[in-house]
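A structural walkthrough
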Amino acid sequence: MIDFSESMLRDKLKEPLHHFLGPRIPENATIGLCTSEKEVIFMKEKYGSGIDVLIALTPQAIYQCYVMKIPYYKIEDFFDVNFFVIADEWMLKIEKKWIDEIDSYLMKNFTPFEKYDFKPGFLYFFFLKVMYDMVFRAAIGLAHLLLSCKPERIVYFGSDKFSITDTLFFNESVYKIILPAFAKTYDVTLEPLSPIEKKTVEIFKKEKFLRILKQIVKKVINAAGKRKMEFHKPYILYKPGYDVDFVIKFSDEFFFKNFSVIFPFISKLKIESGLVFPSYEIWGKIRSEKFFKDPFVWFGVDLFTSVEKHLYYWMTKIIPEMWIAFLKLNKFLMFHRPQCVFLFAPLEIKDFALIQSSRCLKIPVIFYQHGGFEGYCEYTVYDMTDLRQCDYRFVYGQGVANYFNYRKSLYTEKMAHIIPVGSAKIDALKNKKVNKEKIYEHLGIEKSKKIIFYIPTSYQYHWYMSREAYLGCMYFEMLVEISKLFSEFPDVQFIYKPFPESPPDPAVEIFQRHCPNCKITREYSVYEIASISDGIVVDLPSTALLEVLLTDKPIIVFSDKRFICLLAEAKEILSKRAIIEEEITGFFNSLRQFVSSDLKSLKNYDRTFLREYGTFLDDGKSAERALKKIKEITGKQNA
């Protein structure tokens, strides 16, 4: 069992965690670190055999090594990857303590925060956690790499000047950012190379995004003027997205409004000068506080400077913006009170301002579950976010409600009421007409062939410790082996739908290399492709699992227990409908047998799991049920 004493994780690493035995590499080697295809190519051309060991830090770098037949290691080869699952809740407690201390400090040094119970850390917990976890994960990797190899020199590509966004996500490799601090502590010589390219995970350029946003805001304001928005009438503030949309479409009882429309109305409201948050003054004080900095000392290395710019951005840009929006909303909503606030999740600064304003004015805040995974797999981060930031949370089924009610029982403070209503979005899929002939023709698929649909998950480029994702490099290597397995069945038609993210999935190129009988598609939805398939493979039990359970097609589900905690009761129910594997060897064995089988004989329409974790009563009335609950909640409030 891993020892979680803080001294073991904060002191310089003397032996691998869990006595893990990684690759044996000669001491005093020269190591090269690469994060992209171009970096691998450049390092091979410039250094050749001068690099003793190449470490590929991303799926993109591994892809290039694979194509060029370059031997490599991934950093996960050097430590026990089970650590993250085991340490999940332990880390959550550390982060909560740190963020609570920040909030206490800010409220003590700026009394208006205390007056309104305004806690920026509490509101922004998710994004602060992602930032914290990314640094911690990279620290574990580098500490074990340097302990195992004891290299003389590390050659790596330096970082561009990276921008910080409101999410606080790193858009540059965290390994590169913290490497200089580790090299100094572990006495390793660094040879930084000039950056080859500026990498970004942004899908749209900022200028284009802002231009589109201005056009949307202009249309919204014009529409608001035409509608003669009368805030004295009963209304609900809502944010479009996911299942919320389907509830709004169903409703003809309320005068609904998108809450973003509210912001043009509050923009001209003035705030007293005494209420302006002195962000730069407070930053100058808090940055030297022990409680603020010490949580970033890992394995004998002080990594505070690696996150200082992010924390400075949060303190001087995000908190003031959120605070001003909160004050203006308070003024506005006090006189134009909505019946409730209805969101799928808070993601933008103004979302958090709206939540806090509603809490102050005792306006009910309702969140609606936005996707699968919850309830049938552990998802502990919601202990600190969704369960605390709203008054009511609509979930997809009784199984989900049972899970979150259990999580609530672990705490003493007040948390959200959990209400199972079903997924309005999944209900809508059941009624969707699929033009199968068009899909066959567009993809060039022969209907006479056996069709296997493989659904990959996200690489989670901004991965955090919450037992909900695979490690990107290990996951890519698994997909390479899957492509080889598929190549053994030339008479079977495979379909691969890459997860829509940026950078794009490099496994697409691998499947195209190995499997001429594999079609890549991005155009059609998961449900549409599932409808034309004979068998379906889901390699992580998330939202896609609920969608394909609407069919009667045979399904194999992989839930790697090194990273995902599929709950025992959920596994028992799911096993009535699907083949489940939790170990990689068992998954490959079952997958090979699955592809070889007469899939028509394996059809199954058991909907127990779907009801418990997706559609609740499975009557197609989730939107209607959600709306009824909103009426009950707002009715109690008005009474």
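Quick look at the structure, then.

Procedures and definitions
Residues numbered from 1 in each chain as written. Predicted model: local features only at pLDDT ≥ 70, side-chain atom pairs only at ≥ 80, totals over all residues. Heavy atoms only, no water. Pairing = 2+ DSSP bridges. Helix = DSSP H or I, 4+ residues; strand = E, 2+ residues; numbered from the N terminus. Axes fitted to C-alpha atoms, helices over the stretch in contact; angles between N-to-C directions. Buried < 20%, exposed > 50% of the residue type's maximum accessible area, 1.4 Å probe, protein only. Salt bridge = Lys/Arg side-chain N within 4 Å of Asp/Glu carboxyl O. Core = buried A, V, L, I, M, F, W, Y, C linked by side-chain atoms within 4.5 Å. Contact = heavy atoms within 4.5 Å. Polar contact = N/O pair within 3.5 Å; in protein donor to acceptor, adjacent residues only side chain to side chain. Phe/Tyr/Trp six-rings, centres within 6.5 Å; stacked < 30°, edge-to-face > 60°. Parallel < 35°, antiparallel > 145°, perpendicular 65-115°, else oblique. Left-handed = near helix turned anticlockwise from the far one by under 90°. Nonpolar A, V, L, I, M, F, W, Y, C, P; charged D, E, K, R; others polar. Arc of directions from axis to C-beta. Right-handed = clockwise from strand over helix to strand, strands pointing away.

The parallel open sheet is built from six strands, whose spatial order is β7-β6-β10-β11-β12-β13. The open sheet has two edge strands, β7 (255-258) and β13 (417-420), and neither has a second partner. Neighbouring strand axes in the sheet, compared pairwise and without regard to direction, differ in orientation by 25 degrees on average. For strand β6 (residues 235-238) and strand β10 (residues 341-343), the ladder comprises two bridges, and the chain directions are parallel. Residue pairing across strands places Y238 opposite F342, the latter belonging to β10.

Below, the discussion takes up unusual backbone geometry. Residue S502 is joined to P503 through a cis peptide bond whose omega torsion reads 0 degrees. For P503, the location among the structural elements is in the loop between β15 (492-496) and α21 (507-514). Positive phi values are uncommon outside glycine, yet K150 reaches one of about 45 degrees. Along the chain, the position of K150 falls in the loop between α7 (125-149) and β4 (153-157). Overall, K150 belongs to the partly exposed group, its relative accessible area being 41%.

With that settled, consider the sheet that holds strand β19 (residues 579-581). Pairing is parallel across the open sheet formed by six strands, whose spatial order is β16-β15-β14-β17-β18-β19. With one partner strand each, in any of the chains shown, β16 (518-520) and β19 form the two edges of the open sheet. In this sheet, adjacent strand axes meet at a mean angle of 20 degrees when their direction is disregarded. Sheet topology note: the β15/β16 ladder contains three bridges and is parallel. Note that in β16 the partner of I495 across the bridge is K519.

Another point: the pattern of salt bridges. Under the counting rule described, the total for this entry stands at 37 salt bridges. We note a salt bridge from E95 to K129, for which the minimum N-O separation is 2.8 Å. Of this pair, E95 sits in helix α4 (residues 83-109) while K129 sits in helix α7, and the two are 34 residues apart along the sequence. Taken individually, E95 and K129 each receive the classification buried, so the pair is uniform in this respect. Residue E378 is joined to R467 by a salt bridge in which the shortest nitrogen-to-oxygen separation is 3.9 Å. Taken together, the residues E378 in the loop between β11 (365-368) and α16 (386-389) and R467 in the loop between β14 (450-455) and α20 (472-487) connect sequence positions 89 residues apart. In this structure, E378 and R467 share a single accessibility class: buried. When salt bridges with common partners are traced through the structure, they connect D88, E89, E378, D383, R407 and R467 into a single cluster.

Note on soluble globular proteins: their nonpolar side chains tend to be buried together. Of all hydrophobic cores here, the largest spans 246 residues; its most connected members are F182, W298 and F342. When residues of this core are assigned to their parent elements, the largest contribution, 18 residues, is made by α7. Discounting chain neighbours no more than four positions away, the residues touching F342 are I236, L237, Y238, K239, V244, V247, I248, I366, Y368, F394 and I630.

Here N604 lies in the loop between α25 (584-596) and α26 (608-615). Residue classification places N604 among the partly exposed residues on the basis of a relative accessible area of 23%. Every residue in contact with N604, bar those within four places of it in the chain, is listed here: T551, D552, K576 and R577. A polar contact is formed between the side chain of N604 and the backbone oxygen of K576, at a distance of 2.8 Å.

Taken as a whole and judged by the stated rule, the model has 61 aromatic pairs. With centroids separated by 5.8 Å and ring planes inclined at 65 degrees, the aromatic side chains of Y73 and F78 adopt a geometry described as edge-to-face. By relative accessible area, Y73 is classed as partly exposed at 29%. Note on F78: relative accessible area 1%, which makes it buried.

Moving on, we come to the packing of α7 against helix α8 (residues 174-185). At their nearest, the axes of α7 and α8 sit 10 Å apart, and the two run at 55 degrees to each other. In terms of axis orientation, α7 runs oblique to α8. Read as a crossing pair, α7 and α8 show a hand that is right-handed. Along its contact with α7, which presents M134, V135, A138, A139, L142, A143 and L146, the element α8 presents V174, Y175, I178, L179 and F182. The class makeup of the residues in the contact of α7 with α8 is twelve nonpolar, no polar and no charged.

Among the residues making up α26, those that are buried are F609, L610, Y613, G614 and T615. For α26, the angular spread of the buried residues around the axis is 145 degrees, confining them to a single face. Backbone geometry just after α26 places F616 at a positive phi near 60 degrees.

Residues of strand β18 (residues 555-558) alternate between two faces, with I555 and V557 on one and I556 and F558 on the opposite face, all of them buried. Bridge count between β18 and β19: three bridges; the pairing is parallel. Pairing of V557 across the sheet is with I580, part of β19. For the segment spanning β18, helix α24 (residues 568-574) and β19, crossover handedness is right-handed.

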